[in-house]
Amino acid sequence: MKVVVVGSGLAGAVAARFLADRGHRVEVFESREHVGGNCYDRWQDGVMVHQYGPHCFHTDKPEVWEFMNRFANFRETGFCVVANTPRGVIPVPFNDVSAEIVGDLSPEEIRELLFVDYSEKHWGIPWAEIPSSITGRVPKRREGRDCRYHLDRWQGIPREGFTRMFEAMLEGIPVHLGCGEDDWREVKADHVVFTGSIDDYFGRSLGTLEYRSLKFEYATEAKREHFQINECNRVNPWTRAVDHSHWLDQKVKRTVIGREYPCEWDGRNVRMYPKPFGGNPERFQKYWAAAKAERDVTFVGRLATYKYLDMDDVVAQVMLRLGGGRWSAR
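Figured I'd write up the structure that's included with this text. Source: prediction; values computed, not measured.

1. Describing empty space enclosed by the protein
- The tally for this structure, following the rule as stated, stands at 1 cavity of 30 Å³ or more.
- Of the voids in this model, the largest cavity is the one considered here, and its volume is about 30 Å³.
- The wall of the largest cavity is formed by G53, P54, F216, Y218, V242, H244, G258, R259 and E260.
- Of all the elements in the fold, those that place two or more residues in the lining of the largest cavity are β12 (211-222) and β15 (254-264).
- Among the elements that take part in the lining of the largest cavity, β15 stands out by supplying 3 residues, more than any other.
- Taken together, the residues of the lining of the largest cavity sort by class into 4 nonpolar, 3 polar and 2 charged.

Below you can see the structure in the form of structure tokens.
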């Protein structure tokens, strides 16, 4: 079977490899000049930099971890995140160490200290207008002194970088870079795996789905003690700053600090976060109904399903949706 995969980010690369391994002829179309989507990394001043913000692979799913380890040698990690708050710098999620610094706070006080200012900057709307589907994901108080942000069984960074991992995943599969939005439509295929924004597939005929984006600034500065500092305050306009030398535990005096400034997706920058409010959920449901009526098309990934997904959830989603009998080796 001939399959066209639209996009070479995580969903597209996993789908392409999954299907190629089962004997299908796969061809990938990518609008950017590189593979890897938002996981793309590069080297700057001797430091490996995640171009579109920090990405650490973490999972409790053994089948997902096993699959990813086929394409990279992972440096096992357990990164800690701190928050710069009006009451001082504390670990986040709030735990016993945080309480020793600022006192043992109530859930409401934790929310106010760590999440209200940060979330309002991130989403660009007042906290009261942010839907419960987002505010409900705010981490609760964590017992104990484990300051790792994620507690999944497996956590890691590819030692040679995510870009090299994607290149290994796509080895032997034709990949077209710098493509126009509709170049893939010119290729005759038995099936399409679409990982772009679902409204693009339908020519935005039912309206445009909205996203939040980020502006990134990178500067060479002194190495920091902390991997990531969340700006949970109204003083600094950026939401977080990341010291990229921590990815590979580089012992350097000078590092690259990346700062993120939230903004709206305007059609020229990168779609980052689906906005599950302001009419977008209803608009997406109309697109999803149309998608289910499409024959020989599979929609996977954050953009195609208009849902914030962790990286391991993307891999698991692809495996689930492409794991049926029709895709067995032939």
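Right, picking up where we left off after that structure.
2. Focus on the pairing of strand β8 (residues 88-92)
- Both strand β7 (residues 81-85) and β8 contribute to a ladder of 5 bridges, which runs antiparallel. Residue V81 lies in a different strand from β8, and its bridge partner there is V92.
- Between β7 and β8, which pair antiparallel in sequence order, lie 2 residues.

3. Brief notes about the sheet that holds strand β17 (residues 297-299)
- Ordered in space as β10-β2-β1-β11-β17, the 5 strands form an open sheet in which the pairing is parallel. Every interior strand has two partners, whereas the edge strands, β10 (175-176) and β17, have only one.
- One ladder, built from 2 bridges, connects strand β2 (residues 25-29) with β10; its direction is parallel. Note that in β10 the partner of V28 across the bridge is V175.

4. Focus on the layout of surface pockets
- For the largest pocket, the calculated volume is near 1300 Å³.
- Where the lining of the largest pocket is concerned, the elements lending two or more residues are β5 (57-59), α4 (107-123), α5 (132-135), β13 (228-231) and α10 (311-321).
- With 6 residues, the single largest contributor to the lining of the largest pocket is α4.
- Considered class by class, the residues forming the lining of the largest pocket number 26 nonpolar, 11 polar and 7 charged.
- Reported here for the second largest pocket is a volume of approximately 970 Å³.
- As for the second largest pocket, its lining consists of 43 residues, of which S31, R32, T195, G196 and L303 are closest to the centre.
- The biggest single contributor to the lining of the second largest pocket is helix α1 (residues 10-20), with 3 residues.
- Looking at side-chain class alone, the lining of the second largest pocket contains 17 nonpolar, 16 polar and 10 charged residues.

Cut-offs and rules
- Residues numbered from 1 in each chain as written.
- Predicted model: local features only at pLDDT ≥ 70, side-chain atom pairs only at ≥ 80, totals over all residues.
- Heavy atoms only, no water.
- 1 Å grid on protein atoms, 1.4 Å probe; cavity = no way out; pocket = protein on both sides within 12 Å on 5 of 7 lines; lining within 4 Å.
- Points joined across faces, edges and corners; volume = space filled by probe spheres on them.
- Helix = DSSP H or I, 4+ residues; strand = E, 2+ residues; numbered from the N terminus.
- Nonpolar A, V, L, I, M, F, W, Y, C, P; charged D, E, K, R; others polar.
- Pairing = 2+ DSSP bridges.

These figures capture arrangement, not role.
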